[in-house]
Amino acid sequence: MSVLRPFHATDMFKFNHVNLDLWTETYAINFYLGYFSRWPDMCAIQETPQGRIMGYVIGKAEGTAPERHGHVTALSVAPEYRRLGLSRKFISWLEQVSDENQRGSFVDLYVRCVNHAAITMYESFGYSVYRRVKEYYSSMGLGLNPRDEEDGFDMRKPLSRDPMRRSVRANGRDITVSAHEVP
């Protein structure tokens, strides 16, 4: 049986196997440390009884009411632990923290427009595309449509403080903004 626990700074020395994925952004140590120190309640790992990291989520709180929200900065599960429901567990946990601890109205995340598996997964969790952000990501050089490689979808899910669902829109795939317009 695995356990979800807070992400500690020393875990950075044990999570390389989780980041060995084309879609996972790997950041500098000071980036992770900044998150752990500012939003410790929004960073967690799942580990085996033997202490092997299965995956992690790193989030933060942004904005002020009524736009206060949780943000999924990074979510990654090691390939050998995928399809076990860990991503759903991480997202549900971050939604609860965003709603109860951070008093957010919604949770948002960004995903590459060509990452169809992740988009489908997030949609199954209740997220919808709010807008397309041009050139949000650097090109991965896959030889696909360069526009899709660099663009990201801003996906959102309303929380209990948004019963009228003002944080989402039905036509989000039709709305395009520049990365410079996104705070």
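This text goes with the structure placed above it.
Let us look at the structure shown here. (Residues numbered from 1 in each chain as written. Predicted model: local features only at pLDDT ≥ 70, side-chain atom pairs only at ≥ 80, totals over all residues. Heavy atoms only, no water.)

Re the layout of surface pockets
This is how the line gets drawn: Here a cavity denotes a set of grid points, spaced 1 Å apart and computed over the protein atoms alone, in which a 1.4 Å probe fits but from which it cannot get out, and a pocket denotes an open set meeting protein on both sides within 12 Å along at least five of seven lines; residues with an atom within 4 Å of a point are reported as lining. Grid points are joined across faces, edges and corners, and a volume is the space filled by probe spheres set on the points. Runs of E in the DSSP output that reach at least two residues are strands. Runs of H or I that reach at least four are helices, and both are numbered from the N terminus. Residue polarity follows a fixed list, in which Ala, Val, Leu, Ile, Met, Phe, Trp, Tyr, Cys and Pro are nonpolar, Asp, Glu, Lys and Arg are charged, and the others, Gly among them, are polar.
Its volume calculated, the largest pocket comes out at about 1,300 Å³. Around the largest pocket sit 46 residues that line it, and Leu75, Tyr110, Val111, Ala118 and Tyr122 are the ones nearest its centre. Mapped onto the lining of the largest pocket, the elements with two or more residues apiece are helix 2 (29-38), strand 3 (53-62), strand 4 (69-77), helix 3 (86-101), strand 5 (106-112) and helix 4 (116-124). Counting residues per element, the lining of the largest pocket draws most heavily on strand 4, which supplies 8 residues. Here the residues of the lining of the largest pocket sort into 25 nonpolar, 9 polar and 12 charged. Each pocket or cavity is described by its volume, and for the second largest pocket that value is around 180 Å³. Forming the boundary of the second largest pocket are Pro66, Glu67, Ser105, Phe106, Tyr130, Arg156, Arg161, Asp162, Pro163, Met164, Arg166 and Ser167. Grouping the amino acids of the lining of the second largest pocket by side-chain chemistry returns 5 nonpolar, 2 polar and 5 charged.

Notes on the packing of aromatic side chains
Heads up, the condition is: Two rings belonging to Phe, Tyr or Trp (six-membered ring only in the last case) form a pair when the distance between their centres is within 6.5 Å. Interplanar angles under 30 degrees mark stacking, angles over 60 mark edge-to-face geometry, and anything in between is tilted. Burial status follows relative accessibility: with a 1.4 Å probe on protein chains alone, a residue under 20% of its type maximum counts as buried, one over 50% as exposed, and anything between as partly exposed. Lysine and arginine charges are scored as sitting over a ring when NZ or CZ, respectively, is within 6 Å of the ring centre and within 35 degrees of the ring normal.
Considering all chains together, one arrives at 13 aromatic pairs under this definition. For the ring pair phenylalanine 15 and tyrosine 32, a centre distance of 5.3 Å and an interplane angle of 80 degrees mean the geometry is edge-to-face. Separated by 17 residues along the polypeptide, phenylalanine 15 in the loop between strand 1 (3-6) and helix 1 (16-19) and tyrosine 32 in helix 2 bring together distant segments of the chain. By relative accessible area, phenylalanine 15 is classed as buried at 4%. Taking the relative accessible area as the measure of exposure, tyrosine 32 reaches 2% and is therefore buried. The structure contains a cluster of three or more aromatic residues connected by ring pairs, namely Phe7, Phe15, Phe31, Tyr32, Tyr35, Phe36, Trp39 and Tyr56. Between the NZ or CZ atom of arginine 156 and the centre of the ring of tyrosine 130, over which it lies, the distance is 3.6 Å. A cation over an aromatic ring shows up here: arginine 169 above the ring of tyrosine 130, its NZ or CZ 3.8 Å from the ring centre.

Taken by themselves, the reported measurements are silent on function.
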